[in-house]
Amino acid sequence: MQDQTIEQHTISVLVDNEPGVLARVIGLFSGRGYNIESLTVAEVNPAEHLSRITIVTSGTPMIIEQIKAQLGRLVPIHAVSDLTEEGPFVARELALVKVVGKGEPRVESLRIADIFRAHPVDSTNESFVFEITGSSEKVDAFINLMRPLGLADVARTGSVAIARGNPAL
Amino acid sequence: MTEERMNGAALIIRALIDQGVDTVFGYPGGAVLPIYDEIFKQNQLRHYLVRQEGGAVHAAEGYARSTGKVGVVLVTSGPGATNAVTGLTDALMDSIPIICFTGQVPTHLIGNDAFQEADTTGITRPCTKHNYLIKDPNDVARIVHEAFHVARSGRPGPVVIDVPKDVQFGEGVYVPPSTVRHRSYNPRTEPEAGKVDEALAMMAAAKKPVFYVGGGVINAGPAASETLTKLVHATGFPCTQTLMGLGAFPASDPLSLGMLGMHGMYEANLAMHQSDLIVCVGARFDDRVTGRLDAFAPTAKKIHIDIDPSSINKNVPVDLPIIGDAGVVLGELLTGWQSKKLKADESALAQWWEQIRTWRDRKCLAYRQNGDVIKPQYALERLQAHLDQQKRDVYITTEVGQHQMWAAQYLKFEKPNRWMTSGGLGTMGYGLPAAIGTQIAHPDALVVDVSGEASFLMNMQEMSCAAQYHVPIKVFIMNNEWMGMVRQWQELLHGGRYAESYTASLPDFIKLAESFGWTGLRAKAPGELDDVIAQMIATEGPVIADICIDKQENCFPMIPSGAAHCDMLLGPEDEASRPISEDGMVLV
């Protein structure tokens, strides 16, 4: 039998920045029943109208192979790169975390933010919005610590990633 | 050179002509009137008016599959586009190159729920290889040329070009095909170095090899089929074909095992099951072919040659994938086999053929024609006998169901592009419009739509199209008054409770034919069959031959759903003795 272990992979895709391209990618995932754990997209090369989509997905090795092959089949896609498979890569996520509270919990949230190198980017007498950047696990950990201290709202970007070292996608 | 400027509609026509298109299937409407106006003004493109947009796409599919060219469709916005969706999905599943122009409301009305507006690019995104919405007349020519490149290169497929009405009226610059290069879509056709040698080594070492070939060989052009035939002869291996691959290898060749799969030949399925090497060329290990996956060809190493990387390891893990054009890879395999003077293990191969002969001797297609009811198998054998006498080229289309499987089993295809059937999607109503498209591409050929009475009713409006253009197709209706395959499954899986599968209130097909200016014929008894077939072929115009066949006959052999290749049912006797598993029940 084939390998049935579920693996998490970070896939980086270079696409034409044109209308509908994101719908093609998302439609592929929903239509074929693949998982999207996070997805980010933004233009990275305005001169050539190229965007990079970073997708974190999970599945058996056979499914991951299918996902890459199916992505490669989409006409406006220039390159598909499986960062997880191709070697070391850096992945970062940004989150904005709103914490509401007074007194000791409020001070504690600021102390923990300092440990995590999260910065307050908005403040009222009863609230902070922290900006935190790091691996998804670090962001998870920070959010969990904020929970008892008055966590009110979270906005996360999802993971963006790039290969370490010289080669370009 | 001075730049040529014209309106968007004229740009489309000009680009089509420069792409070598001379035939368009379509249906007009408000959002495509400027394009129809340009068609009216010229003589190089011939437009064929269908009676429903779905018919236009199937006609273009028949045209494309029988010629290897791109089929072109023109329909209006909204319902025109949505009616085309089934045909587009059909073309996507069967890898048929189609360009479908859809009209669209003017750009400033898009998103306003305008009259006959539909989100065509949104709706067709999952059922096309690619689609475009043109927003600027200056993009028209480039996009049309790009669309042809996308439709016919790599694994072919349908491409939709959605053209708002203001873009059809607006003026833009023309660019010829030679100036257009695609930025990102340039699929690989040459195999990776070394892979062919690896394949050759595996082939030379095999003791029980089998070629398993599909529609990819046909899509690679007639030369690929010739190369395949030479390679099969050079190796002496048996060769089985998928439903889509019939004709890729000559049916009469002694090395042919015929079709494999759910209703395939006993010897083909058993050979796959017991082989030690499967060389798959342009086929995709579809569920109709593999049967129960965990019991599929358990002892075989697998080489998979395909132009589409996503076909590799999708259903069945393979030992050696080779990405490339079937024709190119087969050519390299043949050259390598010959230049290295490779030889199959002769004694092993002789034993293998001996084994195959014992399976062949089971005569899985045997049936008994007795009594005064026409057996469907007999009807097709007689049809084939008459077709064999033809000096003309013969093309067959089918609808979907029992008759389709019987046609695949009992008709013989010696060359590629002669067999047009809806394989992947299984679209009832495909055969009649596909026959029209095929006949238009080959005016002097004999084109027969092997049909069922239920499928025929799904697109019978196209009789009017055939009458208008004097398209002399022959519709051979295997009339058993049932949706036969539905009834067969209800018999097998649902205790013979025949819910809604009886085709009640059928028309009198002779009167129906006559009302459209066709000829109608009927055979009710075996003795009438030959005369009716001869008359059908001899009649100049379009004909319906209503063949009243045995109402109870089921399609065998059959691998029941959820079963393995070695568990084939050869006839009704097996059916009773081997009930279908619960896992199999849920499969389609």
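Read on for an overview of the structure. What you see is a predicted model, and the numbers here were worked out from it, not measured in a lab.

Another aspect to go through is the overall build of chain B. Per the secondary structure count, chain B includes 24 helices and 20 strands. By the compact-globule yardstick of 25 Å for 588 residues, chain B fits well, its C-alpha radius of gyration being 24 Å. Reported as C-alpha extents along the three principal axes, the dimensions of chain B are approximately 70 × 60 × 50 Å. Per-residue burial for chain B yields a buried fraction of 55% across its 588 residues.

It is worth spelling out the sheet that holds strand β3 (residues 50-59) of chain A at this point. All names here are of chain A. Spatially, four strands are ordered β2-β3-β1-β4 in an open sheet, and the strand pairing comes out antiparallel. Two strands bound the open sheet, and with one partner strand each, they are β2 (38-45) and β4 (77-82). Shown here is a sheet whose adjacent strand axes are inclined to one another by a mean of 20 degrees, direction ignored. Here strand β1 (residues 7-16) pairs with β3 via ten bridges, running antiparallel. From the neighbouring strand, T10 faces β3, where its bridge partner is V56.

Further remarks concern helix α4 (residues 79-93) of chain B. All names here are of chain B. Here α4 is 15 residues long and its end C-alpha atoms lie 22 Å apart, about the 21 Å a rise of 1.5 Å per residue gives. Helix geometry: α4 is bent most strongly at V85, by close to 40 degrees. G80, A81, A84, V85, T86, G87, L88, D90, A91 and L92 are the residues of α4 that are buried. Those residues of α4 that are buried lie in contact with α3 (53-67), β4 (71-75), β5 (98-104), α5 (120-124) and β7 (158-164). S95 lies just past α4 and shows a positive phi near 55 degrees.

Turning our attention to the sheet that holds strand β11 (residues 256-259) of chain B. Residues and elements named next belong to chain B. Spatial ordering of the open sheet is given by β11-β10-β9-β12-β13-β14, a layout of six strands whose pairing is parallel. Two strands close off the open sheet at either side, each with one partner strand: β11 and β14 (320-323). Pairs of neighbouring strands in the sheet enclose a mean axial angle of 15 degrees, with direction left out of account. Summarising the sheet, strand β10 (residues 239-241) and β11 pair through three bridges and their orientation is parallel. Paired with C239 across the bridge in β11 is S256. Its contacts with the sheet place helix α8 (residues 195-205) against β9 (209-213), β12 (277-281), β13 (301-306) and β14, and it is angled at close to 135 degrees to β14. Running at roughly 105 degrees to β11, helix α11 (residues 266-274) makes contact with β9, β10, β11 and β12 of the sheet.

Moving on: the nonpolar core. Residues V73(B), I98(B), I99(B), I161(B), V281(B) and A545(B) are the most contacted members of the largest nonpolar core, which totals 204 residues. Take this core: its biggest share by element is eight residues, from helix α6 (residues 140-152) of chain B. If we ignore the near neighbours within four places in the chain, the residues touching A545(B) are K474(B), V475(B), F476(B), I477(B), L521(B), A523(B), V532(B), I533(B) and M536(B). If you look at the next biggest cluster of nonpolar residues, it comprises twelve residues, including V97(A), V99(A), F128(A) and F142(A).

Looking now at the environment of A435(B). Within the secondary structure, A435(B) sits in helix α17 (residues 431-441). Taking the C-alpha atoms as reference, A435(B) lies 6.9 Å from A59(B); in sequence the two are 376 residues apart.

What follows is about unusual backbone geometry. Note: most residues except glycine have negative phi, and most peptide bonds are trans. Residue and element names in this part refer to chain B. Cis geometry is found at the peptide bond from F556 to P557, where omega equals -5 degrees. Inspection of the secondary structure assignment puts P557 in the loop between β20 (543-548) and α23 (572-577). Not every positive phi belongs to a glycine, and A297 is a case in point at roughly 35 degrees. Of note, A297 is situated in the loop between α12 (287-290) and β13. The exposure class assigned to A297 is buried, which follows from the 24 C-beta atoms found within 10 Å.

We now examine the packing of α8(B) against helix α13 (residues 326-339) of chain B. Residue and element names in this part refer to chain B. Running from N to C, α8 and α13 point in directions that differ by 60 degrees, and their axes come no closer than 10 Å. Overall, the two elements α8 and α13 adopt an arrangement that is oblique. The hand of the α8/α13 crossing is right-handed. Packed against α8, whose contacting residues are V196, D197, A199 and L200, the element α13 presents V329, E332, L333, G336 and W337 at the interface. Partitioned by chemical class, the residues of the contact of α8 with α13 number six nonpolar, one polar and two charged.

Our focus in this paragraph is the packing of helix α10 (residues 222-235) of chain B against α13(B). All names here are of chain B. Relative orientation of the contacting elements α10 and α13 amounts to 30 degrees, with a least axis distance of 9 Å. Judged on the interaxial angle alone, α13 and α10 are roughly parallel. Two packed elements cross with a definite hand, and for α10 against α13 that hand is left-handed. For the pair formed by α10 and α13, the contact residues are A223, A224, T227, L228, K230, L231, A234 and T235 on the first element and A326, G327, L330, G331, L333, L334, W337 and Q338 on the second. Here the contact of α10 with α13 is built from residues that sort into ten nonpolar, five polar and one charged.

Right, let's talk about the interface of chain A and chain B for a bit. By a widely used convention, the size of an interface equals the accessible area lost when the partners come together. Taken together, the contact pairs 18 residues of chain A with 15 residues of chain B. Mapped by element, the contributors of at least two residues to the side of chain A that touches chain B are α1 (21-31), α2 (61-73) and β4 of chain A. Of the residues forming the side of chain A that touches chain B, the biggest block, seven residues, is contributed by α2(A).

Moving on to the pairing of β1(A). Relative to β4(A), β1(A) is paired through five bridges, and the arrangement is antiparallel. Across the sheet, the residue bridging to V15(A) is I77(A), located in β4(A).

Calculation criteria
Residues numbered from 1 in each chain as written. Chains lettered and ligands numbered in written order. Predicted model: local features only at pLDDT ≥ 70, side-chain atom pairs only at ≥ 80, totals over all residues. Helix = DSSP H or I, 4+ residues; strand = E, 2+ residues; numbered from the N terminus. Rg over C-alpha atoms; globule rule 2.2 N^0.38 Å. Buried ≥ 20, exposed ≤ 12 C-beta atoms within 10 Å, placed from the backbone. Pairing = 2+ DSSP bridges. Axes fitted to C-alpha atoms, helices over the stretch in contact; angles between N-to-C directions. Expected span 1.5 Å × (residues − 1). Bend = angle between axes of the 7 residues up to and from the residue. Contact = placed C-beta atoms within 7 Å. Core = buried A, V, L, I, M, F, W, Y, C linked by C-beta atoms within 7 Å. Parallel < 35°, antiparallel > 145°, perpendicular 65-115°, else oblique. Left-handed = near helix turned anticlockwise from the far one by under 90°. Nonpolar A, V, L, I, M, F, W, Y, C, P; charged D, E, K, R; others polar.

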